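# Structural overview
In case you want the letters, here they are:
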Amino acid sequence: MDKDMQDLIDGLNEDLAYEYAAVIQYTHNAAAVSGLSRPVLKPFFESEAQDELGHASYLAEKIVALGGTPVVEPKEVKRMQGVREMIQHALDAEKATISRYTERISQAEKVGEIGLKIQLEDMIADETKHKEELERLLKDPLG
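Report follows, based on the coordinates. Everything numeric in this text was worked out from a predicted model, so none of it was measured. In every chain, residue numbers begin from 1 and rise along the written sequence. Residue-level local features of this predicted model are given only where pLDDT is at least 70; pairs of side-chain atoms are given and counted only at 80 or more, and the full residue set underlies all totals for whole chains, interfaces and linings. Calculation of side-chain values draws on the structure's entire complement of heavy atoms; hydrogens and water are dropped beforehand.

### Topic: the overall build of the chain
When helices and strands are counted, the chain shows four helices and zero strands. Mapped in sequence order, the helices and strands of the chain form the string α-α-α-α. Our radius of gyration is a C-alpha quantity, and the globule rule it is checked against amounts to 2.2 Å times the number of residues to the power 0.38. For 143 residues, the compact-globule estimate of 2.2 N^0.38 gives 15 Å, and the C-alpha radius of gyration of the chain, at 16 Å, lies within 12% of that figure. Projecting the C-alpha coordinates of the chain onto the three principal axes gives extents of approximately 55 × 25 × 20 Å. Residue exposure (1.4 Å probe, protein chains only): buried if accessible area is under 20% of the type maximum, exposed if over 50%, otherwise partly exposed. Taken across its 143 residues, the chain has 40% of its residues classed as buried. Residue contacts are counted whenever heavy atoms from the two residues lie within 4.5 Å of one another. Long-range contacts, defined here as pairs at least 24 residues apart, represent 81% of the contacts in the chain between residues at least 6 apart. Accessible surface, the chain: about 7,700 Å² in total, of which carbon and sulfur atoms supply 53%. Numbered from the N terminus, helices here are DSSP runs of H or I no shorter than four residues, and strands are runs of E no shorter than two. Areas reported as accessible are Shrake-Rupley estimates using a 1.4 Å probe. Residue values count occlusion only from the protein chains shown.

Take a look at the structure:
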């Protein structure tokens, strides 16, 4: 396997570990959120967890298709209690994911993986939507 392809697979595995962590984080947040925000944020976090699980599934499948082995360990997951802390941490994670996927698009183009490039663009659109929703949630005057 050439170096560019290995670099892409390594990057996708990093992304996969972050997606696993996001699933865990959003699932934890859905369970832990309390107060007046709970009726709104619990389903929001549950929905986000499902989106991230879909991304993780795609990445794992693609890694195998490219000749790699998917990681099975998530990145570190932090336990948070406060609503603003949960939302801010999620926002920061979404921004980092957009940045990583943008880099991955360049790597995919370099090795001629156009289908992967297009899928990553779609995933960036999802992550951007998540980011914008989180930004709006942080503007809550009650928070």
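Structure's up, so let's keep going.
### Observations concerning helix α4 (residues 114-138)
In this model α4 runs 36 Å from its N-terminal to its C-terminal C-alpha over 25 residues, within 8% of the 36 Å that 1.5 Å per residue would give. Among the residues of α4, those classed as buried are Leu116, Lys117, Leu120, Met123, Ile124, Glu127, His130, Lys131, Leu134 and Leu138. A helix is expected to span 1.5 Å multiplied by its residue count minus one.

### Remarks on the nonpolar core
In this text, buried Ala, Val, Leu, Ile, Met, Phe, Trp, Tyr and Cys residues form a nonpolar core when linked through side-chain atoms within 4.5 Å. Ranked by size, the top nonpolar core spans 18 residues in total, and within it Leu8, Leu12, Leu16, Leu59, Leu66, Tyr101 and Leu116 carry the most contacts. When residues of this core are traced back to their parent elements, those giving at least two are α1 (3-32), α2 (38-65), α3 (83-110) and α4. The dominant element in this core, judged by the number of residues it contributes, is α1, at five residues. What leucine 8 contacts, discounting residues up to four positions off in sequence, is Leu66, Arg104, Gln107, Ala108, Val111, Glu113 and Leu116. By size, the runner-up hydrophobic cluster in this structure holds 15 residues, among which are Val33, Ala90, Leu134 and Leu138.

### Re the environment of alanine 31
Counting through the fold element by element, alanine 31 comes out in helix α1. We classify alanine 31 as exposed; its relative accessible area is 60%. Taking the C-alpha atoms as reference points, alanine 31 and aspartate 51, separated by 20 residues in sequence, lie 17 Å from one another.

### A closer look at the environment of glutamate 76
Summarising the element assignment, glutamate 76 is placed in the loop between α2 and α3. Put simply, glutamate 76 and tyrosine 18 are 58 residues apart on the chain and 8.3 Å apart in space, counted from C-alpha to C-alpha.

### So, the packing of α2 against α4
As a packed pair, α2 and α4 sit with axes 12 Å apart at the nearest point and diverge in direction by 165°. The pairing of α2 with α4 is recorded here as roughly antiparallel in orientation. Considering the relative orientation of α2 and α4, their crossing is left-handed. Listed contacts from α4 to Leu41, Phe44, Glu48, Asp51, Glu52, His55, Tyr58, Leu59 and Lys62 of α2 are Gly115, Leu116, Gln119, Met123, Asp126, Glu127, His130, Glu133, Leu134 and Leu137. Residues are sorted three ways: Asp, Glu, Lys and Arg are charged, Ala, Val, Leu, Ile, Met, Phe, Trp, Tyr, Cys and Pro are nonpolar, and all the rest, Gly among them, are polar. Among the residues making up the contact of α2 with α4, the classes are represented as eight nonpolar, four polar and seven charged. Here, axes are lines fitted to C-alpha atoms. For helices the fit covers the stretch in contact, and angles between N-to-C directions go from 0 to 180 degrees. Orientation is classified from the angle alone, with under 35 degrees giving roughly parallel, over 145 giving roughly antiparallel, 65 to 115 giving roughly perpendicular, and any other angle giving oblique. For any pair of crossing helices, the crossing counts as left-handed if the nearer helix is rotated counterclockwise from the farther one by less than a right angle, and right-handed if it is rotated clockwise.

### Some thoughts on the packing of aromatic side chains
Describing an aromatic ring pair means giving the distance of the ring centres and the angle of the ring planes. The pairing test for Phe, Tyr and Trp rings, Trp by its six-membered ring, is centres within 6.5 Å, and the orientation test on the planes gives stacked under 30 degrees, edge-to-face over 60, and tilted for anything in between. Going through the model one piece at a time under the given rule, you end up with two aromatic pairs. Centre to centre, the rings of phenylalanine 44 and phenylalanine 45 are 5.7 Å apart; their planes meet at 55°, and the pair counts as tilted. Of the two residues examined, phenylalanine 44 and phenylalanine 45, each falls in the buried class. Through successive ring pairs, a cluster of aromatic residues spans Tyr26, Phe44 and Phe45. Geometry around tyrosine 18 places arginine 100 over its ring, the cationic atom sitting 3.9 Å from the centre. In this scheme, the term charge over a ring applies when either NZ of a lysine or CZ of an arginine sits within 6 Å of the ring centre and within 35 degrees of the ring normal.

### A short note on the side chain of lysine 62
By the element assignment, lysine 62 lies in helix α2. Residue class for lysine 62 comes out buried when judged on its relative accessible area of 17%. When near neighbours in sequence (up to four residues on either side) are disregarded, lysine 62 contacts Glu113 and Leu116.

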